[in-house]
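# Structural features, examined
Below are the chains, spelled out letter by letter.
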Amino acid sequence: MATAEVQQDHREIDPTQGTTPFLLGRAAVLGAGSMGSRIAAHLANAGVSVVLLDVPGKEGARSSAASGAVTGLLKSKPAAFYEAASAGRITTGNFDDDLHRLKDCDWVIEAVTENLAIKQALLEKIVPYLRPDAVVTTNTSGLPIASIAAKMNAGFRRRWFGVHFFNPPRYMRLVEVISTAESDPQLVASLAQIIARRLGKTVVTARDTPSFIANRIGTFAMLTAVRLMQEQGLTIEEVDALTGSVIGWPRTGTFRLADLVGLDVLAHVAGNFAEAKAAAGEQDAGVVDLPPFVVTMLERGWLGDKAGQGFYKKDPSIADPKKNRLALDWHTLEYRAVDRPKFAAVDMAKNAETAAERLRLIVQGDAGQGNPETDRAGVFLFALLTAIWNYAADVLPEIADSAAEIDRAMRAGFNWELGPFEMWDAAGLPQVIEKMRTKGLPVSPQAEALLASGNASWYQDEGATRLVFNPSKKSYTPIVVPDGVASAATFRRAGRLIRRNPGCSLLDIGEGIALLELHSKKNAIGGDILSLVAQTLTPDSDAVRNFRGFVISGDASDFSVGANLMQLLLSCQEGEWDEVEAMIRAFQRMTSAIKFCPRPVVVAPFGLTLGGGAEIALHASRRHPHAELYMGLVEAGVGLVPAGGGTKEMALHAADAARAASGLDPAAAPLKFAISGELQAALRQRFETMAMAKVSTSAAEARTLDLLTATDPISLSRERLLLDARETAISLADAGYAPPQPRVLPAPGESMLATLKLGVYLMRQAEYISDHDVTVANHIARILCGGAVTPGALITEQQLLDLEREAFLSLCGERKTQERIAYTLQNGKPLRN
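Before going into details, it helps to say that this report is about the structure given with it. (Residues numbered from 1 in each chain as written. Predicted model: local features only at pLDDT ≥ 70, side-chain atom pairs only at ≥ 80, totals over all residues. Heavy atoms only, no water.)

### Side note on the overall build of the chain
If you tally the helices and strands in the chain, you get 33 helices and 24 strands. Taken against the 2.2 N^0.38 rule, which gives 28 Å for 833 residues, the C-alpha radius of gyration of the chain at 28 Å falls within 12% of a compact globule. Taken over the C-alpha atoms alone, the chain extends approximately 85 × 70 × 60 Å along its principal axes. Burial statistics for the chain: of 833 residues in total, 55% are counted as buried. Entry remark: accessible area of the chain is about 33500 Å², with carbon and sulfur atoms responsible for 52%. Considering the chain, the positive charge centre built from 85 side chains and the negative charge centre built from 94 side chains are found 2 Å apart. (Helix = DSSP H or I, 4+ residues; strand = E, 2+ residues; numbered from the N terminus. Rg over C-alpha atoms; globule rule 2.2 N^0.38 Å. Buried < 20%, exposed > 50% of the residue type's maximum accessible area, 1.4 Å probe, protein only. Areas by Shrake-Rupley, 256 points an atom, 1.4 Å probe, with all protein chains shown as cover. Lys, Arg positive; Asp, Glu negative; His and termini not counted. Charge placed at Lys NZ, Arg CZ, Asp CG, Glu CD.)

Right under this line is the structure:
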């Protein structure tokens, strides 16, 4: 991704923040280990030139440690780079031969091993090579920031502070910024803004206390879960089932996450914290001895995924991936087949759509008060969650300026849907505290102060302003939202809602731009979304008259998983073919309304953007995606074709690419254009993208799949995406936007169709694909080629849409397509039948 394509100008400084401009042109990372090398990779993703240095090699190339790290990152999964070309921005070297390269660096990041003496020696070594105005930061996760630079001069200490990335830096949104008493606050604020804008991170200000914020709370949560598991006699699988999506935490749960992170890393964080508290002579509930069985695991090297085993491992003798995972029995330290626990309370709570609703069901019900034998889930979760909430409140004055900072840190650093204080509010703070008192559990003085003030929640809303309770002031203070950060919820709180149905809302987001927010379950596209989007964007609508442009986006974790497959499957099974056809026509009307709307429509996709979600984006005047974009026309995976205009748009894109490559004018020489090698190559590439249901691993890769264009800007910051997209819509409107006109193009026709079908046949003969894959692929080929017509025959966009609809209806009647849809709905992955 070229630097110019990143939305935020890296030299921009918000004057309202009162910071002195810090210009980031080049950075250095000292230490090419797992963390340091990945920090360098993400800087390169953002267009920053990086020097990556490590110790000189004892044998072979002197800089093999750093260069080998970059080579490894190019093969790593998940990918560290948005695209492989970004690795070219990294220059490797070593601490003996290449320190002179630091003289050109604006920002130097120390990321060597967590050893105070080693870090201090390295700082002393690099000082002669630093620019006088260079900022130097440490990525330490546990050592006191001030102590690392204690031996340096005052000028160095002024430009020194902590910038703590979370691993892997590309994917984890949190960066904790930790000042010391001597850090220049303007430099800290200036660099923090660059990290937020250019690197796309959620920046949280932490204090120079052990483990800072997220690891402090996260490690306590994990060790408390282990303690309660032992006390209550639960299994590892049971704890993971209870500490996953049901409470708004990642699906991995406690122990699967520990295997991913590494048990040694968690032990190191816990040990550093305990040592720091002991050195300060302080007592803390977070200081918990590792259980004996965990100590034994560490001694045996059972560190998790990187060691091949931890709390879980795979049995290579079992081919079935559903059955080859083994779980550790913590009593015996032997592995056994994974159990799939069932809890009635969890199953009931899963019916709720939001984490807040699930928490209320679990905590405000009989959780923690029923029979431990029949309410094991409730007993465990009430004990776990109240311990976490109490601890977060207890340490609030020590580690953060506000409860909101802790919540932001946990959302961005541990991917919790709600932070601890937000969870407490959702569960009902007064009711929870009443239960805690009934059970004789301690209640944090901070929470007691809140109730004593006559209030009942950590957060309150005053119009668009969100307030958070400050225990020291015993009153609410406004949460300062960084410039450029907003969400649909921001405008909803401000009373900007215009129209709403269960799947979609229309909101006024200012500057003459309206937002069509998708908010159905998983943002699956059903009748609600189809109708509101189409009605809003038709030329004679009030919205078109009243607004200069539109954005289509949302606040969910994913833009859209595609069409509502459950609704489609039920219609197919009941033989409601008129209903299915009406559904397809409605989808095509919606995407046509997006494409031909008189006002610019900017689609801002993020996360999963699959099937129908990708088709919505393809029809936009401009796409403005988040960098973490997993986009694809994946309908073939469920035995269907893109029929919301997606295949038609890929045919048009192929024609545009062929015209640019060949210089031929389709209108002047339709036959020559239709049979040109350039058009054949362009069609073949797009045919493979759809027939193989390819999904991008980033927005940069989506460009190579022709799902985005070179003119579509990319934002690295998810929390700034909405206003970035609004700016794109404003720019289009200011430039005098005019919608495209329906197109006519020469059809490749039967000759290209035969070529594509031959390729499909050969794939089947080689047993790469199934018979039903052949059926689906041939339908895609027929649409792309405009049908079995004479090459050069003119076809319209509407004719391509008709071919899409015909193919979709035909495939819906296939038993194997219905089996694929049913399997995907049940298992969350495609069936190859």
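### Some details on the layout of surface pockets
Within this model, the second largest pocket holds a volume of roughly 780 Å³. Along its surface, the second largest pocket is lined by 30 residues, and Val203, Thr205, Glu405, Val480 and Pro482 are the ones closest to its centre. Listing elements by their share of the lining of the second largest pocket, those giving two or more residues are helix H6 (185-197), strand E8 (202-206), helix H15 (403-414) and strand E14 (475-478). By residue number, the principal contributor to the lining of the second largest pocket is H6, which donates seven residues. Grouping the amino acids of the lining of the second largest pocket by side-chain chemistry returns 14 nonpolar, seven polar and nine charged. (1 Å grid on protein atoms, 1.4 Å probe; cavity = no way out; pocket = protein on both sides within 12 Å on 5 of 7 lines; lining within 4 Å. Points joined across faces, edges and corners; volume = space filled by probe spheres on them. Nonpolar A, V, L, I, M, F, W, Y, C, P; charged D, E, K, R; others polar.)

### Examining the packing of aromatic side chains
Using the criterion set out here, one finds 14 aromatic pairs in the structure. Pairwise contacts between aromatic rings join Trp389, Phe421, Trp424, Trp458, Phe469 and Tyr476 into one cluster. Above the plane of the ring of Tyr312 lies Arg325, whose end atom (NZ or CZ) is 4.6 Å from the centre. Over the ring of Phe606 we find Arg718, and its NZ or CZ is 3.7 Å from the ring centre. (Phe/Tyr/Trp six-rings, centres within 6.5 Å; stacked < 30°, edge-to-face > 60°. Lys NZ or Arg CZ within 6 Å of the ring centre and 35° of its normal.)

### As for a nonpolar patch on the surface
A contiguous nonpolar patch, built from Leu260, Val261 and Val265 and spanning about 220 Å² of accessible area, is present on the exposed surface. With respect to the helices and strands, Leu260 occurs in helix H9 (residues 253-261). The class for Leu260 is partly exposed, based on a relative accessible area of 48%. (Patch = residues over 30% accessible without salt bridge, like charges linked within 9 Å, V, L, I, M, F, W, Y side chains within 5 Å. Salt bridge = Lys/Arg side-chain N within 4 Å of Asp/Glu carboxyl O.)

### A closer look at the sheet that holds strand E5 (residues 135-138)
Here eight strands make up an open sheet; going across it, the order is E3-E2-E1-E4-E5-E6-E7-E8 and the pairing mixed. Edge positions in the sheet fall to strand E3 (90-94) and E8, since each of these pairs with one other strand and no more. Neighbour-to-neighbour, the strand axes of this sheet turn through a mean angle of 25°, independent of strand direction. Relative to strand E4 (residues 107-110), strand E1 (residues 26-30) runs parallel, the two being bridged by four bridges. The partner of Ala27 across the bridge, within E4, is Trp107. (Pairing = 2+ DSSP bridges. Axes fitted to C-alpha atoms, helices over the stretch in contact; angles between N-to-C directions.)

### Comments concerning the side chain of Asn523
The topology assignment puts Asn523 in the loop between strand E17 (513-518) and helix H20 (527-537). Given a relative accessible area of 1%, Asn523 falls into the buried group. Reaching out from Asn523, the side chain makes a polar contact with the backbone oxygen of Asp558 at a distance of 3.1 Å. (Polar contact = N/O pair within 3.5 Å; in protein donor to acceptor, adjacent residues only side chain to side chain.)

### Quick notes on helix H10 (residues 263-279)
Compared with an ideal rise of 1.5 Å per residue, which puts 17 residues at 24 Å, H10 spans 24 Å between its outermost C-alpha atoms and is within 8% of the ideal. Close packing links the buried residues of H10 with helix H7 (214-232), H9, helix H11 (292-300) and helix H14 (376-399). After H10 finishes, the residue Gly281 shows a positive phi value of roughly 65°. (Expected span 1.5 Å × (residues − 1). Contact = heavy atoms within 4.5 Å.)

### Examining the environment of Arg500
Secondary-structure assignment places Arg500 in strand E15 (residues 497-501). In sequence terms Arg500 and Glu819 are 319 residues apart; their C-alpha atoms lie 34 Å from each other. Residues in contact with Arg500, not counting those within four places in the same chain, are Ser505 and His519.

### What about the sheet that holds E17?
The strand order across the open sheet built from six strands is E15-E16-E17-E18-E19-E21, with neighbouring strands paired in mixed fashion. The sheet is open, and its two borders are formed by E15 and strand E21 (622-623), each paired with just one other strand. Contacts from H20 reach E15, strand E16 (504-508), E17, strand E18 (549-553) and strand E19 (601-603) within the one sheet, and its direction differs from that of E16 by about 35°. Strands E17, E18, E19 and E21 of the sheet are contacted by helix H29 (residues 721-734), whose axis makes an angle of about 150° with E18.

### Describing the environment of Thr697
Within the secondary structure, Thr697 is located in the loop between helix H27 (677-691) and helix H28 (699-704). Separated by 66 residues in the primary sequence, Thr697 and Met631 have C-alpha atoms spaced 7.7 Å apart. A distance of 2.5 Å separates a polar atom in the side chain of Thr697 from a polar atom in the side chain of Glu701.

### Focus: helix H17 (residues 429-438)
Inspection of H17 places Leu429, Val432, Ile433, Lys435 and Met436 among the buried residues, and these make up the whole buried set. The buried residues of H17 occupy one face: seen down the axis, they fall within an arc of 160°. Of the residues in H17, the exposed ones pointing more than 90 degrees away from the buried face are Glu434 and Thr438. Where H17 is buried, its residues touch helix H13 (355-363), H14, helix H16 (420-427) and helix H18 (445-452). Count one or two residues on from H17 and you reach Gly440, which has phi positive near 75°. (Arc of directions from axis to C-beta.)

### Focus: the nonpolar core
Counting 150 residues, the largest nonpolar core has Leu43, Trp107, Val551 and Ile552 as its most contacted members. Residue contacts for Val551: discarding those within four places in its chain leaves Ile509, Ile513, Ala514, Leu515, Leu516, Val602, Ala604, Leu722, Ala725, Arg726 and Ala729. Counting 111 residues, the second-largest nonpolar core is a separate cluster that includes Ala214, Ala377, Trp424 and Tyr476. (Core = buried A, V, L, I, M, F, W, Y, C linked by side-chain atoms within 4.5 Å.)

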